[in-house]
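The primary structure of each chain is shown beneath.
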Amino acid sequence: MIVLVLLGLLVVLDRFAAAYAESRIADEIQKEGFGTRPDVTIHGFPFVTQVLDRHFPHAHMTARDVREGPISISRIDGDVRDVRIDSGFRKGTLGRVDGTATIAFGELAKVSDEPGVTFSAAGPDRVKGDVDFGIASGTVVWQVTKVGNQIRVHPLSAEGFSLADLDQDLDFTVPVDGLPLGLTFQNLSVTAKGVELHVTGSHIAFSG
């Protein structure tokens, strides 16, 4: 019975240490470009040994409503490796971050400057939406590609009118060059949730 009680206390202590470390790391990471405090989950058990070493081999980070230029990224999910932190839990490094940043279709529509357009997925690199120019209306299919540090949304086809005179009006770009933690996006795909960017970073220092 005593052994079980001791084991229970050790588990509680371990979870308390985990919650404390996750909270402190999230507080410091927020200062590196996040408008709101991200959620940080550190994996592994037992946890106390990781705290003593101040080295966390594997963690996960989730941030919501991250402002990026003219848009808001609805969610950033990152798989984090090799987290190291100082004894005061104020400075540290993230060895590697690999994850996704999702831009909802509604945010994409804001940048398009087409009133009332509602985007939806039309393929792994395409979106579609209805547009109305007053004198003409129809359905347009756009191709979504990465061009440098920008997302280019280029019209490919239209039903209801000709693209010949309106191509430039429907072509737009979204800059993505100020992600938190200095993350960069490598490629993208269109999903049911929006445009999903593959983001990465390595040897990322954070400091309170």
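Scoring rules and cut-offs
Residues numbered from 1 in each chain as written. Predicted model: local features only at pLDDT ≥ 70, side-chain atom pairs only at ≥ 80, totals over all residues. Heavy atoms only, no water. Buried < 20%, exposed > 50% of the residue type's maximum accessible area, 1.4 Å probe, protein only. Helix = DSSP H or I, 4+ residues; strand = E, 2+ residues; numbered from the N terminus. Contact = heavy atoms within 4.5 Å. Pairing = 2+ DSSP bridges. Axes fitted to C-alpha atoms, helices over the stretch in contact; angles between N-to-C directions. Core = buried A, V, L, I, M, F, W, Y, C linked by side-chain atoms within 4.5 Å.

A.B. asks: Kindly report on helix H3 (residues 105-112), identifying the contributing residues and their values.
C.D. replies: Across the eight residues of H3, six count as buried, placing the element largely inside the fold. Those residues of H3 lying buried are Phe105, Glu107, Leu108, Ala109, Val111 and Ser112. A positive backbone phi angle near 60° is found at aspartate 113, which sits one or two residues after H3.

A.B. asks: Can you explain the environment of alanine 59? Please cite residues and give values.
C.D. replies: With respect to the element layout, alanine 59 can be found in strand S2 (residues 55-68). With 37 residues separating them along the chain, alanine 59 and glutamate 22 place their C-alpha atoms 9.1 Å apart. Here alanine 59 is in contact with Thr41, Ile42, His43, Gly78, Asp79, Val80 and Val83, once residues within four sequence places are set aside.

A.B. asks: Give a detailed account of the sheet that holds strand S9 (residues 172-175), specifying residues and quantitative values.
C.D. replies: In any sheet, the strands associate via hydrogen bonds between backbone groups, in a parallel or an antiparallel arrangement. Strands sit in the order S5-S6-S7-S8-S9 across an open sheet of five strands; the sheet is antiparallel. Looking at which strands have only one partner, the edges of the open sheet turn out to be strand S5 (120-123) and S9. Ignoring which end each strand starts from, the neighbouring axes of this sheet average 35° apart. Where strand S7 (residues 137-147) lies against strand S8 (residues 150-159), nine bridges are found, and the strand directions are antiparallel.

A.B. asks: Give a detailed account of the nonpolar core, specifying residues and quantitative values.
C.D. replies: Residues Phe56, Leu94, Phe119, Trp142, Ile151 and Leu197 are the most contacted members of the largest nonpolar core, which totals 56 residues. Looking at this core, the element that brings in the most residues is strand S3 (residues 71-85), giving six residues.

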